[in-house]
Amino acid sequence: RPRIADTDGAPDGTIKALVDLPGGDQVEAVAIPAPGRMTFCISSQVGCAFGCAFCMTARLGFQRHLSAGEIVGQVAALREATGTTGETFNIVFMGMGEPLHNLPNVLGALTILGDELGFDLAPRRITVSTVGLPDGIRALARLPRPPRLAVSLVTADEQRRRELMPVARKHSLAAIAEAVRDYGRHRRDRPTLEAVLLDGINDRPEDARAMVALARSARAKVNLIEFNPTPELPFRPTPEQRLEAFLRILSEGGVVGTVRRSRGREVDGACGQLAFRSRR
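Residues numbered from 1 in each chain as written. Predicted model: local features only at pLDDT ≥ 70, side-chain atom pairs only at ≥ 80, totals over all residues. Heavy atoms only, no water.

1. What to know about the overall build of the protein chain
Right, on to step 1. A count of helical and extended segments in the protein chain gives seven helices and twelve strands.
Right, on to step 2. Against the globule reference of 19 Å for 280 residues, the protein chain gives a C-alpha radius of gyration of 18 Å, in line with a compact fold.
Right, on to step 3. Projecting the C-alpha coordinates of the protein chain onto the three principal axes gives extents of approximately 50 × 45 × 35 Å.
Right, on to step 4. Buried positions account for 55% of the 280 residues belonging to the protein chain.
Right, on to step 5. Carbon together with sulfur atoms contributes 49% to the accessible area of the protein chain, which is approximately 12100 Å² in total. (Helix = DSSP H or I, 4+ residues; strand = E, 2+ residues; numbered from the N terminus. Rg over C-alpha atoms; globule rule 2.2 N^0.38 Å. Buried < 20%, exposed > 50% of the residue type's maximum accessible area, 1.4 Å probe, protein only. Areas by Shrake-Rupley, 256 points an atom, 1.4 Å probe, with all protein chains shown as cover.)

Here's what the structure looks like:
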């Protein structure tokens, strides 16, 4: 089982854990408390190969895939460290790495997490987040109990997305929207398109209207994510007024929009910040 080598706590109760893996190396994972439940944000790779401009993990480059046991073991270690029991926790594959790049091991981990001899978690308690790999999305959909799906698009502007996410040069928004639409047929709840809002980059009214069109095509809802600034990256979070305007345009376009507020920023445990700072 992975061992938690070190932890750091934020004022909001978020705990970032540095995890020693049985196969060597380390990853970071995060425990995020909320009233009545706990969410464990776990990693699927050491580093990441996809080079998104706004993500600190991308700075590490890709080092290796985690085994199914190393992925599931993070859940066991976090549950023990936080005293979490029963079905009072959720799992999000939003830590280090791209889950669908490590598809065989992530599928194995999902099987264990959902099996009655494993953690016996309902599919609604597990979310897999991806930069948008259509073949991987379809592989998830073929599972007997597919998890929730979140796709990190950042923007519905094709050219701007290519600048921010190198993977966009291979997989178009149209191809991703088709895969997401097909995925929704396997679940009662709609998949989610995610957008980290960056000041002056992807937060204009025309960006919101483009996201409305894409979300309607994909039959998806939209989750806007607060960017967590860090000195190493040249981006700033979008102002609150512009975020609210983006939400209004989504609503007026008939698209369900939500906001993921920053958690764990003080310990570099927030979205996009996991990067072995303790090692450095």
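2. Description of the packing of aromatic side chains
Right, on to step 1. Within the structure shown, the criterion is met by three aromatic pairs.
Right, on to step 2. Between Phe 89 and Phe 119 the ring centres are 6.4 Å apart and the planes differ by 90°, which places this aromatic pair in the edge-to-face class. Separated by 30 residues along the polypeptide, Phe 89 in strand S7 (residues 89-93) and Phe 119 in the loop between helix H2 (103-114) and strand S8 (126-130) bring together distant segments of the chain. Just as Phe 89 is buried, Phe 119 falls in that class too.
Right, on to step 3. Aromatic side chains Phe 227 and Phe 235 sit 6.2 Å apart centroid to centroid with 85° between the ring planes, which places their arrangement in the edge-to-face category.
Right, on to step 4. Classification of Phe 235 as buried rests on a relative accessible area of 15%. (Phe/Tyr/Trp six-rings, centres within 6.5 Å; stacked < 30°, edge-to-face > 60°.)

3. Some words on the pattern of salt bridges
Right, on to step 1. Under the criterion given, the structure shown has 16 salt bridges.
Right, on to step 2. Across the pair Asp 25 and Arg 64 runs a salt bridge, and its minimum N-O distance is 2.8 Å. Separated by 39 residues along the polypeptide, Asp 25 in the loop between strand S2 (15-20) and strand S3 (26-34) and Arg 64 in strand S6 (residues 62-65) bring together distant segments of the chain.
Right, on to step 3. You can call Asp 25 partly exposed: its relative accessible area is 34%.
Right, on to step 4. Asp 189 serves as the salt-bridge partner of Arg 148, at 3.0 Å between the closest nitrogen and oxygen. Placement of the pair is Arg 148 in strand S9 (residues 148-152) and Asp 189 in the loop between helix H5 (173-184) and strand S10 (192-197), with a sequence separation of 41 residues.
Right, on to step 5. Linked through salt bridges whose partners overlap, the residues forming this network are Asp 199, Asp 203, Arg 236 and Arg 242. (Salt bridge = Lys/Arg side-chain N within 4 Å of Asp/Glu carboxyl O.)

4. What to know about unusual backbone geometry
Right, on to step 1. In this model, Asp 120 sits at a positive phi of 55°, which is unusual for a non-glycine residue.
Right, on to step 2. Along the chain, the position of Asp 120 falls in the loop between H2 and S8.
Right, on to step 3. Asp 120 sits in the partly exposed class, given a relative accessible area of 40%.
Right, on to step 4. With a phi angle near 55°, Arg 219 is a residue other than glycine that sits in the positive phi range.
Right, on to step 5. Tracing the sequence through the fold places Arg 219 in the loop between helix H6 (205-218) and strand S11 (221-226).
Right, on to step 6. Among the residues examined, Arg 219 registers a relative accessible area of 44% and is labelled partly exposed.

5. Structural notes on the packing of H5 against H6
Right, on to step 1. Following both chains from N to C, one finds H5 and H6 inclined at 40°, their axes separated by 8 Å at the closest point. In this view, H5 runs oblique relative to H6, as classed from their interaxial angle. Where H5 approaches H6, its residues Leu 173, Ala 177, Val 180 and Arg 181 are matched on the opposing element by Leu 214, Ser 217 and Ala 218.
Right, on to step 2. By residue class, the composition of the contact of H5 with H6 is five nonpolar, one polar and one charged. (Axes fitted to C-alpha atoms, helices over the stretch in contact; angles between N-to-C directions. Parallel < 35°, antiparallel > 145°, perpendicular 65-115°, else oblique. Contact = heavy atoms within 4.5 Å. Nonpolar A, V, L, I, M, F, W, Y, C, P; charged D, E, K, R; others polar.)

6. Here we look at the pairing of S2
Right, on to step 1. For S2, the buried fraction is high: five of the six residues fall into the buried class.
Right, on to step 2. In the sheet, S2 pairs with S3 via six bridges, with the strands oriented antiparallel. Bridge pairing in S3 places Ala 17 opposite Ala 29. (Pairing = 2+ DSSP bridges.)

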